[in-house]
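# Chain and residue survey
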Amino acid sequence: MINNKNILNYDKIQNNDMNARQPITGKGLIKFLIFVFSAFYYILWFCLVLVVVIEFISLRKIFDPSGFPIPIDFTVFFSLNEELGVANWDVGGNTNFSINYAMGSVKLSYAPNGFIALFCFMALSIFILSIFLTRLMIKILKTVKDKSFLLIENALRLRWIALLGIAILIVEKTFSFVIANYLSTHIEYSGVKFTGINPYFILNFDTVLNSLFLLVIAEVFRIGAKLKEEQDLTI
Amino acid sequence: MSIIINLDVMLAKRKMSLTELSEKVGITMSNLSILKKGKAKAIRFTTLEMICEVLDCQPADILEYKRD
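Since this is a predicted model, take the numbers as computed values, not measurements.

## Some points on the confidence of the model for chain A
Looking at chain A as a whole, its pLDDT mean stands at 81, while 81% of the residues score no less than 70. Per-element mean pLDDT across chain A ranges from 50 in helix α1 (residues 4–21) of chain A up to 91 in helix α6 (residues 206–232) of chain A.

What follows is the structure, given as structure tokens:
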């Protein structure tokens, strides 16, 4: 006798059989991730070379002071002195608003050599750290592809990735702060107040939290790798 | 390591090869090799029991403690 319960059970059995025949693997995902990170790695190398060329052109003015504008965007933090108004509510009337602690970039026709060198050092540092970080990710993914990922080396790589992430953040924030602070005392524009600090820029904790979380994961991974090693060497 | 594995001594006494032992005990050659070289971290009692049964010996014949 056919009833709905029998049909449902038959579907469940059929699905279980299908799952048994087609186990879910992550091979395709791992290959895709390796491809993406490898592409990103080569893009970073290309950008590093590009940055070196741009910085050489920018620093070239040391030898040719009457050169062209510096092809670099420098970070600035600014606030508008005046309150602005716009009508945008259904109930009518103007809403006053002000722009505070905005972040932007400026192009300069001249900057001191030390200033440009500092910026170049920051850009190079960030690119080099990013290249190392991407290389570590690719190495981890390759061990996952070889199905031998629970290794002490991978735990150390995860730790290094977390530390590099924090290092990139510190370099970026420090240099942006230094550059914005320097520019705030050297450029002016009517109605715009350039500040050396932006609380929204500094109070950006998500990268730090992610890196610290990754440090915890790395330690857990290390313990797991140690347990696996013990298990593998148990006869 | 403080625990010395004298498996090769017992194999020589019983005139048995490592391959033969691995087939009789049911352990892979690589695992037996790890045990013989003293790189093993632990050995299960069931494995020790099977080795002793095949080699007709006592655990003390295979395992020896030496102070460092």
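## Regarding the interface of chain B and chain A
Across the contact, 11 residues belong to chain B and six residues belong to chain A. Interface area for chain B against chain A, summed over the two sides, is near 790 Å², with a carbon-plus-sulfur share of 60%. When residues of chain B are sorted by the area they lose upon contact with chain A, K41(B), A42(B) and R44(B) head the list and together hold 58% of the total. The interface formed by chain B and chain A contains zero salt bridges. At the boundary of chain B and chain A, one finds five residue pairs in polar contact (both at pLDDT 80 or more). Broken down by element, the side of chain B that touches chain A gets its largest block of residues, three residues, from helix α3 (residues 29–36) of chain B. Across the side of chain B that touches chain A, the residue classes break down as six nonpolar, two polar and three charged.

## What to know about unusual backbone geometry
Residue and element names in this part refer to chain A. A positive phi angle, near 50°, is found at Y101, a position not held by glycine. Its location among the elements puts Y101 in the loop between β3 (94–97) and β4 (102–106). At K147, a position not held by glycine, the phi torsion is positive, near 60°. Structurally, K147 can be placed in the loop between α3 (113–145) and α4 (152–184).

## A short note on the nonpolar core
Nonpolar side chains tend to gather and get buried jointly when the protein is soluble and globular. In this structure, F74(A), L108(A), F115(A) and L183(A) are the most contacted members of the largest nonpolar core, which totals 27 residues. Breaking this core down by element, the ones donating at least two residues are β1 (74–80), α3, α4 and β5 (192–195) of chain A. Beyond its immediate chain neighbours, meaning those up to four positions away, F74(A) contacts G104(A), S105(A), V106(A), L108(A), F115(A), F119(A), I179(A) and L183(A). In terms of nonpolar packing, the next biggest core, distinct from the first, is built from 19 residues, I5(B), L21(B), L35(B) and C52(B) among them.

## Examining a positive patch on the surface
Residues and elements named next belong to chain A. Together, K27, K31, R135, K139, K142, K145 and K147 give the surface a local cluster of positive charge. Put simply, the parts of the chain that give the positive patch at least two residues each are α2 (27–59) and α3. Counting residues per element, the positive patch draws most heavily on α3, at four residues.

## Re the packing of aromatic side chains
All names here are of chain A. Summed over all chains, the structure comprises five aromatic pairs over all chains. Where Y41 meets Y42, the ring centres are 5.5 Å apart and the plane angle is 70°; that geometry is what we call edge-to-face. Here the aromatic rings of F121 and F175 are separated by 6.0 Å at their centres, their planes lie at 65°, and the arrangement is edge-to-face. Pair noted here: F121 is in helix α3 and F175 is in helix α4, with a separation of 54 residues, a long-range link. According to the relative accessible area criterion, F121 is exposed, its value standing at 52%. Grouped by ring-pair contacts, the aromatic residues Y41, Y42 and W45 constitute a single cluster. Cation over ring: R135 sits above Y41, and NZ or CZ is 5.6 Å from the ring centre.

Definitions and limits used
- Residues numbered from 1 in each chain as written.
- Chains lettered and ligands numbered in written order.
- Predicted model: local features only at pLDDT ≥ 70, side-chain atom pairs only at ≥ 80, totals over all residues.
- Heavy atoms only, no water.
- pLDDT = per-residue confidence, 0-100.
- Helix = DSSP H or I, 4+ residues; strand = E, 2+ residues; numbered from the N terminus.
- Contact = heavy atoms within 4.5 Å.
- Buried area = accessible area lost by both parts, 1.4 Å probe.
- Salt bridge = Lys/Arg side-chain N within 4 Å of Asp/Glu carboxyl O.
- Polar contact = N/O pair within 3.5 Å; in protein donor to acceptor, adjacent residues only side chain to side chain.
- Nonpolar A, V, L, I, M, F, W, Y, C, P; charged D, E, K, R; others polar.
- Core = buried A, V, L, I, M, F, W, Y, C linked by side-chain atoms within 4.5 Å.
- Buried < 20%, exposed > 50% of the residue type's maximum accessible area, 1.4 Å probe, protein only.
- Patch = residues over 30% accessible without salt bridge, like charges linked within 9 Å, V, L, I, M, F, W, Y side chains within 5 Å.
- Areas by Shrake-Rupley, 256 points an atom, 1.4 Å probe, with all protein chains shown as cover.
- Lys, Arg positive; Asp, Glu negative; His and termini not counted.
- Charge placed at Lys NZ, Arg CZ, Asp CG, Glu CD.
- Phe/Tyr/Trp six-rings, centres within 6.5 Å; stacked < 30°, edge-to-face > 60°.
- Lys NZ or Arg CZ within 6 Å of the ring centre and 35° of its normal.

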